[in-house]
Amino acid sequence: MPRRITEVVVLAEDICQANFARHYLARAGVTRSPRINNSPRGRGSGAQYVLEHYPIEVRNYRRQRSRRSAALIAVIDADDLTVEQRRG
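Quick caveat, the model's predicted, so the values are computed rather than measured.

Conventions adopted
- Residues numbered from 1 in each chain as written.
- Predicted model: local features only at pLDDT ≥ 70, side-chain atom pairs only at ≥ 80, totals over all residues.
- Heavy atoms only, no water.
- pLDDT = per-residue confidence, 0-100.
- Helix = DSSP H or I, 4+ residues; strand = E, 2+ residues; numbered from the N terminus.
- Pairing = 2+ DSSP bridges.
- Axes fitted to C-alpha atoms, helices over the stretch in contact; angles between N-to-C directions.
- Salt bridge = Lys/Arg side-chain N within 4 Å of Asp/Glu carboxyl O.
- Expected span 1.5 Å × (residues − 1).
- Bend = angle between axes of the 7 residues up to and from the residue.
- Buried < 20%, exposed > 50% of the residue type's maximum accessible area, 1.4 Å probe, protein only.
- Polar contact = N/O pair within 3.5 Å; in protein donor to acceptor, adjacent residues only side chain to side chain.
- Arc of directions from axis to C-beta.
- Contact = heavy atoms within 4.5 Å.

## Structural notes on the confidence of the model for the protein
Taken as a whole, the protein shows an average pLDDT of 82; of its residues, 93% reach a score of 70 or greater. Per-residue pLDDT, averaged within each element of the protein, yields its smallest value for helix α3 (residues 83–87) (72) and its largest for helix α1 (residues 15–27) (90).

## A closer look at the environment of R22
Along the chain, R22 falls in helix α1. Taking the C-alpha atoms as reference, R22 lies 6.9 Å from P34; in sequence the two are 12 residues apart.

## Overview of the sheet that holds strand β2 (residues 35–38)
On the basis of which strands lie adjacent, the open sheet formed by 3 strands has the order β2-β1-β3 and parallel pairing. Looking at the sheet topology across the chains shown, the edges are occupied by β2 and β3 (70–75). The sheet shows a mean angle of 15° between the axes of neighbouring strands, direction not considered. For strand β1 (residues 7–12) and β3, the ladder comprises 6 bridges, and the chain directions are parallel. In the sheet register, E7 faces β3, and the bridge partner there is A70.

## So, the pattern of salt bridges
The final tally for this structure, using the stated rule, is 2 salt bridges. Note that E7 is salt-bridged to R35, the shortest N-O span being 3.6 Å. Placement of E7 in strand β1 and of R35 in strand β2 is noted, with a sequence separation of 28 residues between them. A salt bridge links E57 to R35; the shortest N-O distance between them is 3.0 Å. In this pair, E57 is assigned in helix α2 (residues 46–64) and R35 in strand β2, connecting sequence segments 22 residues apart.

## Points about α2
The end-to-end C-alpha separation of α2 is 26 Å, in line with the 27 Å expected for 19 residues at 1.5 Å each. Where α2 bends most, the angle comes to about 35°, and this point is H53, followed within four residues by the proline P55. Residues of α2 that are buried: G46, A47, Y49, V50, E57 and V58. Two or three places before A47, at the start of α2, stands the capping residue S45, its side-chain oxygen 3.3 Å from that residue's backbone nitrogen.

## Points about α1
For α1, with 13 residues, the first-to-last C-alpha span of 18 Å sits near the 18 Å given by 1.5 Å per residue. Along α1, the positions that sit buried rather than exposed are Q17, A18, A21 and L25. Seen end-on, α1 carries its buried residues on one side only, within an arc spanning 100°. When the buried face of α1 is taken as reference, the exposed residues oriented beyond 90 degrees from it are C16, F20, H23 and R27. Of the surrounding secondary structure, the elements contacted by the buried residues of α1 are β1, β2 and β3. Between the side-chain oxygen of the N-cap and the backbone nitrogen of C16 there are 3.3 Å, and the N-cap of α1 in question is D14. G29 sits one or two positions beyond α1 and adopts a positive phi of about 95°.

Laid out in structure tokens, this is it:
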């Protein structure tokens, strides 16, 4: 039997992406409210913020995965690159 997810962390460029992820999770049946970590306004590139904070969030996830079940969702849009370039 799969374990129930106890914590969801959303790492996003801006509040619009964070809201998109929140609504998507709600439609998928995730009842727990996610912890949102999005780029502060006026502090540079949102994509760069996500790329810089992703290793930190992964480290936190891996450190505590034996004690709890969690999910990490990182959201970056492809506004300056194509989707294929962003995936690379």
